[in-house]
Amino acid sequence: MRGADRLFVWFQHALPHHRLSRLTLAATRVRTPWFRNLLIRGFLALFSVDMSDAAEADPYRYGSFNEFFTRALKSGARPIAAGTADIACPVDGRVSECGSLEGESLLQAKGRHYSVTELLAGQEWAARFSGGSFATIYLAPFNYHRIHMPARGRLLDTVYVPGRLFSVNEATARRVPRLFARNERVLTLFEGDFGQFAVVLVGALNVGSMATVWAGDITPAARRAIARIPAPDTLLDKGAELGRFNMGSTVIVLFEPGRARWRSALAAGTSVRVGECLGELS
């Protein structure tokens, strides 16, 4: 298995990441019925997808593969943690790592770390999260792919950061140094009732695009350079939709020092769903 992991990571280095992602973007938005249904049928053959909680349970009634992939859920399918101080899980997925930052350092995988300054591309507000708390959650292809607010907050900043598009699965996280600080990503910063917090959308291999509810599709970007994305005044409640991945990836949530206390059962490998309580803020 280790040899296969090494080969998979080596193969990724040789791939034209952005060309593949643009091809994925184009293919998943084709609305021609036979092609759309071919993609959906193939995906369902590869992955066990639970459609029972989808607003539209029939996968072949979506207008494109992308609409199927980013499908909405039935009302009430994901109850949101109700306590004022509760941290609501922003996505369906599996916890890769969580805990406290050691100064600027976040744990990526056993034996691998990266800095919050690298992750946040040197933004002036990066330093406020040094010594804070983080949770990294991986979304598998079969997961629900909309991203929701972990707490109530007013948008302060949105930044596009260019980068590679390595896979973000466990094998790659173990073997690619500074993976989340190297991949393309979208940084969002909010002011909440318990201080500031950040939600980072990390792109990955075959992620056709990343979008927010206030800016629409941010990737693929016409120009791959760090850019601040203009946005209207935006206040989102806890549990409200923040954005979506058009194919799977990873979300990283950051809180300032002394603000977040993760629940004791939360650890690497824990399966989580949108809205469930991850911990408490103070």
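Residues numbered from 1 in each chain as written. Predicted model: local features only at pLDDT ≥ 70, side-chain atom pairs only at ≥ 80, totals over all residues. Heavy atoms only, no water.

(A) Expanded view of the overall build of the protein. Helices and strands together make up the secondary structure of the protein, namely 7 helices and 18 strands. Put simply, the protein has 282 residues, and 54% of those count as buried. When contacts within the protein are restricted to residue pairs at least 6 apart in sequence, those whose partners lie at least 24 apart make up 76%. Only carbon and sulfur atoms are counted for the fraction: they give 53% of the accessible area of the protein, which is about 12300 Å². (Helix = DSSP H or I, 4+ residues; strand = E, 2+ residues; numbered from the N terminus. Buried < 20%, exposed > 50% of the residue type's maximum accessible area, 1.4 Å probe, protein only. Contact = heavy atoms within 4.5 Å. Areas by Shrake-Rupley, 256 points an atom, 1.4 Å probe, with all protein chains shown as cover.)

(B) Local environment of the pattern of salt bridges. Taken as a whole, this structure holds 15 salt bridges when the rule is applied. Across the pair D217 and R29 runs a salt bridge whose closest N-O atoms are separated by 3.0 Å. Of this pair, D217 sits in strand β11 (residues 216-219) while R29 sits in the loop between α2 (17-28) and α3 (33-46), placing them 188 residues apart in sequence. Between D237 and R152 there is a salt bridge; the shortest N-O distance is 3.3 Å. (Salt bridge = Lys/Arg side-chain N within 4 Å of Asp/Glu carboxyl O.)

(C) Molecular detail of α3. For α3, which comprises 14 residues, the first-to-last C-alpha distance of 20 Å matches the rise-based estimate of 20 Å (1.5 Å per residue) to within 8%. If you check which residues of α3 are buried, you get R36, N37, I40 and F43. All buried residues of α3 lie within an arc of 125 degrees about the axis, which places them on one face of the element. Along α3, exposed side chains directed more than 90 degrees from the buried face belong to W34, A45 and L46. The secondary structure elements touched by the buried residues of α3 are α4 (65-69). (Expected span 1.5 Å × (residues − 1). Arc of directions from axis to C-beta.)

(D) Representation of the sheet that holds strand β10 (residues 209-212) in the model. Across the sheet, 4 strands lie side by side as β6-β14-β10-β11; this open sheet has antiparallel pairing. On the outer flanks of this sheet lie β6 (146-148) and β11, each paired with one strand and no other. On average, each strand axis in the sheet is tilted by 25 degrees relative to the strand beside it, whichever way the strands run. In this structure, β6 lies alongside strand β14 (residues 241-246), joined through 3 bridges in antiparallel fashion. If you follow R146 over to β14, its bridge partner there is R244. (Pairing = 2+ DSSP bridges. Axes fitted to C-alpha atoms, helices over the stretch in contact; angles between N-to-C directions.)

(E) Broad picture of the side chain of T136. Along the chain, T136 falls in strand β5 (residues 133-138). Among residues more than four places away in sequence, those in contact with T136 are R94, V95, S96, E97, Y114, F180, T250, V251 and I252.

(F) Just the nonpolar core, in detail. The biggest cluster of nonpolar side chains holds 33 residues, and the ones touching the most others in it are F190, L201, L242, V251, F255 and L278. Ignoring any residue separated from it by four or fewer positions in sequence, one finds V251 in contact with P90, V91, A135, T136, I137, L139, I147, V199, V200 and F245. Residues F134, V161, L187 and L189 belong to the second largest nonpolar core, which totals 29 residues. (Core = buried A, V, L, I, M, F, W, Y, C linked by side-chain atoms within 4.5 Å.)

(G) Region of interest: the sheet that holds strand β1 (residues 86-88). Pairing within the open sheet is antiparallel, and its 3 strands lie in the order β1-β18-β16. Two strands bound the open sheet, and with one partner strand each, they are β1 and β16 (260-262). Neighbour-to-neighbour, the strand axes of this sheet turn through a mean angle of 35 degrees, independent of strand direction.

(H) Representation of the side chain of T270 in the model. Relative to the helices and strands, T270 resides in the loop between β16 and β17 (271-272). A relative accessible area of 18% places T270 in the buried class. Excluding anything up to four places from it in sequence, T270 contacts G93, R94, V95, R263 and A265.

(I) Structural view of unusual backbone geometry. One non-glycine residue, A121, lies in the positive phi region at around 55 degrees. In this structure, A121 sits in the loop between α5 (116-119) and β5.

(J) Highlighting the packing of aromatic side chains. One pass over the structure, following the stated rule, counts 14 aromatic pairs. Centre to centre, the rings of F43 and F69 are 5.8 Å apart; their planes meet at 80 degrees, and the pair counts as edge-to-face. Of this pair, F43 sits in helix α3 while F69 sits in helix α4, placing them 26 residues apart in sequence. In this structure F43 comes out as buried when scored by relative accessible area, which is 8%. Considering the side-chain rings of F65 and F69, the 5.9 Å spacing of their centres and the 25 degrees angle between planes classify their relative orientation as stacked. You can see F65 and its partner F69 sitting in helix α4, 4 residues apart, about one turn around the helix. Taken together, F43, F47, Y62, F65, F68 and F69 form an aromatic cluster joined through their ring pairs. The positively charged end of R71 is found above the aromatic ring belonging to F68, 5.1 Å away from the centroid. (Phe/Tyr/Trp six-rings, centres within 6.5 Å; stacked < 30°, edge-to-face > 60°. Lys NZ or Arg CZ within 6 Å of the ring centre and 35° of its normal.)

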